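# Structural characterization, general
These are the residues of each chain, in order.
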Amino acid sequence: MKPPTSVEEGLRNIHTLLNCVMTDIDNYLERPMDYAPEYFRSVSGAAADAHLLVTWVKDQLRTTPK
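Residues numbered from 1 in each chain as written. Predicted model: local features only at pLDDT ≥ 70, side-chain atom pairs only at ≥ 80, totals over all residues. Heavy atoms only, no water.

Now for the overall build of the chain. Assigned secondary structure in the chain consists of 2 helices and 0 strands. The long-range share in the chain, meaning contacts at least 24 apart out of those at least 6 apart in sequence, stands at 70%. Just so you have it, the chain exposes about 5,100 Å², and 59% of that area is on carbon and sulfur atoms. Charged side chains in the chain number 7 positive and 9 negative. The centres of these two groups are separated by 10 Å. (Helix = DSSP H or I, 4+ residues; strand = E, 2+ residues; numbered from the N terminus. Contact = heavy atoms within 4.5 Å. Areas by Shrake-Rupley, 256 points an atom, 1.4 Å probe, with all protein chains shown as cover. Lys, Arg positive; Asp, Glu negative; His and termini not counted. Charge placed at Lys NZ, Arg CZ, Asp CG, Glu CD.)

Looking now at the packing of aromatic side chains. Any pair of aromatic rings gets described here by the distance separating the centres and the angle formed by the planes. This model, assessed by the stated rule, comprises 4 aromatic pairs. Taken together, a centroid distance of 4.3 Å and an interplanar angle of 50° make the contact between tyrosine 35 and tyrosine 39 tilted. For the ring pair tyrosine 39 and phenylalanine 40, a centre distance of 5.3 Å and an interplane angle of 80° mean the geometry is edge-to-face. Phenylalanine 40 sits in the partly exposed class, given a relative accessible area of 29%. (Phe/Tyr/Trp six-rings, centres within 6.5 Å; stacked < 30°, edge-to-face > 60°. Buried < 20%, exposed > 50% of the residue type's maximum accessible area, 1.4 Å probe, protein only.)

With that settled, the discussion passes to the nonpolar core. Counting residues in hydrophobic clusters, the biggest one holds 11 residues: Val7, Ile14, Leu17, Val21, Tyr39, Val43, Ala46, Ala50, Leu53, Trp56 and Val57. Of all the secondary-structure elements, those providing two or more residues to this core are helix 1 (7-30) and helix 2 (39-63). Take this core: its biggest share by element is 7 residues, from helix 2. Beyond its immediate sequence surroundings of up to four residues, tyrosine 39 is in contact with Asp24, Asn27 and Tyr28. (Core = buried A, V, L, I, M, F, W, Y, C linked by side-chain atoms within 4.5 Å.)

Using the criterion set out here, one finds 2 salt bridges in the structure. Linking arginine 31 and aspartate 34 is a salt bridge whose minimum nitrogen-to-oxygen distance equals 2.6 Å. Among the ionic pairs, arginine 62 bridges to aspartate 59, the shortest N-O distance being 3.4 Å. Here arginine 62 pairs with aspartate 59, and both are found in helix 2, just 3 residues apart, close to one helical turn. (Salt bridge = Lys/Arg side-chain N within 4 Å of Asp/Glu carboxyl O.)

Geometrically, a packed helix pair is captured by the angle between its two axes and the distance between the axes. Relative orientation of the contacting elements helix 1 and helix 2 amounts to 155°, with a least axis distance of 9 Å. As summarised for this structure, helix 1 and helix 2 are arranged roughly antiparallel, according to the angle between their axes. The two elements helix 1 and helix 2 meet at a crossing, and its hand is left-handed. Counted by class, the contact of helix 1 with helix 2 contains 19 nonpolar, 4 polar and 2 charged residues. (Axes fitted to C-alpha atoms, helices over the stretch in contact; angles between N-to-C directions. Parallel < 35°, antiparallel > 145°, perpendicular 65-115°, else oblique. Left-handed = near helix turned anticlockwise from the far one by under 90°. Nonpolar A, V, L, I, M, F, W, Y, C, P; charged D, E, K, R; others polar.)

Remember that the coordinates give geometry; whether it matters functionally is a separate question.
Shown next as C-alpha cells:
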C-alpha cells in the first residue's frame, strides 16, 4: 500500500478498507461453510492497513499548521 497524498484520501482509504472487512465478515457469517480459515488472512490484512492509515492520518494532523 502506498501512502495517500492527502488526509482526505487517507480517510477514504480507511473507509473503503473497513467496508471491505465488514462485507467479508458478513459474507462469512451468512455461509461459514463456504469459507476456509485462510479467507481471513485478507480480512486481517485489510484491518492492518486501516490501522496503519489511522496512524498516518494522526501524524498528518499533528504536523499540519493550524
